[in-house]
Amino acid sequence: LRLLDEVRLVQRSVRCIVAAEFQLRVFTARITGFGGVFFRSPDPTAVAAWYSDKLSLTVADWVGAALQNDGDGPPHTAWSPFQADTDYFKPHRGEFMINFAVDELNGFLASLERKGVEILGRQEMEGMGSFAWIVDPDGTKIEFWQPEKS
């Protein structure tokens, strides 16, 4: 009888361990990055052409771009809700802002200026890197970020 009790105790322990391992697997699933940025536009074809011309995105027939990570990309992707009354998106009044990581901000901005794109501002943030902003034809604020080199 004692041996049978010990076997049952071991069986119960094994069931608990299996259940705990299953729960751990379920709860360790996580988001690994952004799958895309999607937004409304009064003229998607025209704004896609602007992004292609001004920002050199390779726009596909489906009027979008697939950005591949070549290993030289940013060290992380940020996700951050802002207060509804934030001034950070100004002059844009929309609900979102796009941030693109760039490998060399000064050169990138120089190419934008040659294409007639107005640079709204620039900022250095210690520990983060360099930032600059423009507005697309729909009025959406775009932030460019050159991560600080480690």
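All residue numbers here refer to positions counted from 1 along the written sequence of the relevant chain. Per-residue local features of the predicted model are confined to residues with pLDDT of at least 70, and side-chain atom pairs are confined, for both listing and counting, to 80 or more; whole-chain, interface and lining totals are unaffected and use all residues. The side-chain values count all of the structure's non-hydrogen atoms but skip hydrogen atoms and water molecules.

### Side note on the overall build of the protein chain
- Per the secondary structure count, the protein chain includes three helices and four strands.
- Reading the helices (α) and strands (β) of the protein chain from amino to carboxyl end gives α-α-β-α-β-β-β.
- Within the protein chain, contacts between residues at least 6 apart in sequence are counted, and of these 52% link residues at least 24 apart.
- With an accessible surface of roughly 11700 Å², the protein chain has 55% of that area assigned to carbon and sulfur atoms. A helix here means a DSSP run of H or I that spans at least four residues, while a strand means a run of E at least two residues long, and both kinds are numbered starting from the N terminus. Whether two residues touch is decided by their heavy atoms; if any such pair falls within 4.5 Å, the residues are in contact. Using a 1.4 Å probe, the Shrake-Rupley method yields the accessible areas, and only the shown protein chains count as cover for residues.

### Looking at the pattern of salt bridges
- Salt bridge, as used here: a side-chain nitrogen of Lys or Arg that lies within 4 Å of a carboxyl oxygen of Asp or Glu. A complete count under the given rule lists two salt bridges for this structure.
- Asp-53 serves as the salt-bridge partner of Lys-54, at 3.5 Å between the closest nitrogen and oxygen.
- Only protein chains enter the accessibility calculation, which uses a 1.4 Å probe; a residue whose area is less than 20% of its type maximum is buried, one above 50% is exposed, and one in between is partly exposed. Overall, Lys-54 belongs to the buried group, its relative accessible area being 17%.
- You can call Asp-53 partly exposed: its relative accessible area is 45%.
- Asp-87 serves as the salt-bridge partner of Lys-90, at 3.3 Å between the closest nitrogen and oxygen.

### What to know about the confidence of the model for the protein chain
- With 79% of its residues at a pLDDT of at least 70, the protein chain reaches an overall mean of 82.
- Mean pLDDT across the elements of the protein chain ranges from a minimum in helix α1 (residues 2-27), with 65, to a maximum in strand β2 (residues 121-125), with 95. Along the chain, pLDDT gives the predictor's confidence residue by residue, from 0 to 100.

### With respect to the sheet that holds β2
- Read across the sheet, four strands follow the order β1-β4-β3-β2 without closing on themselves; strand pairing throughout is mixed. Each edge of the sheet is formed by a strand with only one pairing partner; in this case those strands are β1 (98-101) and β2. Strand-to-strand twist of the sheet, defined as the mean angle between neighbouring strand axes without regard to direction, takes the value 25°.
- Where strand β3 (residues 129-135) meets strand β4 (residues 141-147), seven bridges bridge the pair, whose relative direction is antiparallel. The residue bridging Gly-129 from the neighbouring strand is Pro-147, located in β4.
- For helices, the axis comes from a line fit to the C-alpha atoms of the stretch in contact; other axes are also lines fit to C-alpha atoms, and the angle between any two N-to-C directions lies between 0 and 180 degrees. Along the sheet, helix α2 (residues 44-55) makes contact with β1, β3 and β4, crossing β4 at roughly 35°. Only strands that DSSP links by at least two bridges are regarded as paired with each other.

### Describing the layout of surface pockets
- Its volume calculated, the second largest pocket comes out at about 230 Å³.
- In the cavity and pocket records, a cavity denotes points on a 1 Å grid over the protein atoms alone where a 1.4 Å probe fits but cannot get out, a pocket denotes an open set with protein on both sides within 12 Å along at least 5 of 7 lines, and lining residues are residues with an atom within 4 Å of a point. Residue lining of the second largest pocket: Ser-80, Pro-81, Phe-82, Gln-83, Ala-84, Thr-86, Phe-89, Lys-90, His-92, Arg-93, Gly-94 and Glu-95, and that is the complete set.
- The class makeup of the residues in the lining of the second largest pocket is four nonpolar, five polar and three charged. Grid points are joined across faces, edges and corners, and a volume is the space filled by probe spheres set on the points. In the scheme used here, Gly and all other residues not listed as nonpolar or charged are polar, with Ala, Val, Leu, Ile, Met, Phe, Trp, Tyr, Cys and Pro taken as nonpolar and Asp, Glu, Lys and Arg as charged.

### Quick notes on the pairing of β1
- Covered by surrounding structure in β1 are Ile-98 and Phe-100 only, the residues Asn-99 and Ala-101 on the alternate face being uncovered.
- In the sheet, β1 pairs with β4 via four bridges, with the strands oriented parallel. Across the sheet, the residue bridging to Ile-98 is Ile-142, located in β4.

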